[in-house]
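Analysis of the macromolecular model
Now for the letters of each chain:
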Amino acid sequence: MNIVTGIVLYAIIWFMTLLIVLQTGVTSQDEAGERVRGTHGSAPENPQLKKRFLITTVAALAVWGVVASIIVFDLVTIEDFDLFTRFGLGSTN
């Protein structure tokens, strides 16, 4: 895996993690009982984006570390997913 592939992989994992983190622990304005004029009632009362970005970065780094080590050290290869040769249906060369 080269450096560009690693960066792209981290970016994909980061954005997927962000979509999960943004949905956890949110209190809507309707639940808080205080709605700002001109906003929807389901808008978050206090989004805490800085905290959520930090959590996303740390979690994505951990997931990226596991995925990158699996790729770099060839712990899982294409041959592990080749069901035809695993069950004796294809050629073994």
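Together, M1, I71, V72, F73, L75, V76 and F81 line one region of the surface with nonpolar side chains, adding up to about 730 Å² of accessible area. Secondary-structure assignment places V76 in the loop between α3 (49-72) and α4 (83-86). Note on V76: relative accessible area 41%, which makes it partly exposed.

This part is about the environment of T85. Note on placement: T85 falls in helix α4. By relative accessible area, T85 is classed as partly exposed at 30%.

The phi angle of most residues is negative, glycine excepted, and most peptide bonds adopt the trans form. Here the phi dihedral of Q48 falls at roughly 50°; this positive angle occurs in a residue that is not glycine. Note that Q48 resides in the loop between α2 (29-32) and α3. The phi dihedral of D74 falls on the positive side, at around 50°, and the residue is not glycine. In this structure D74 comes out as exposed when scored by relative accessible area, which is 53%.

Here is what the cut-offs are and how they apply
Residues numbered from 1 in each chain as written. Predicted model: local features only at pLDDT ≥ 70, side-chain atom pairs only at ≥ 80, totals over all residues. Heavy atoms only, no water. Patch = residues over 30% accessible without salt bridge, like charges linked within 9 Å, V, L, I, M, F, W, Y side chains within 5 Å. Areas by Shrake-Rupley, 256 points an atom, 1.4 Å probe, with all protein chains shown as cover. Salt bridge = Lys/Arg side-chain N within 4 Å of Asp/Glu carboxyl O. Helix = DSSP H or I, 4+ residues; strand = E, 2+ residues; numbered from the N terminus. Buried < 20%, exposed > 50% of the residue type's maximum accessible area, 1.4 Å probe, protein only.

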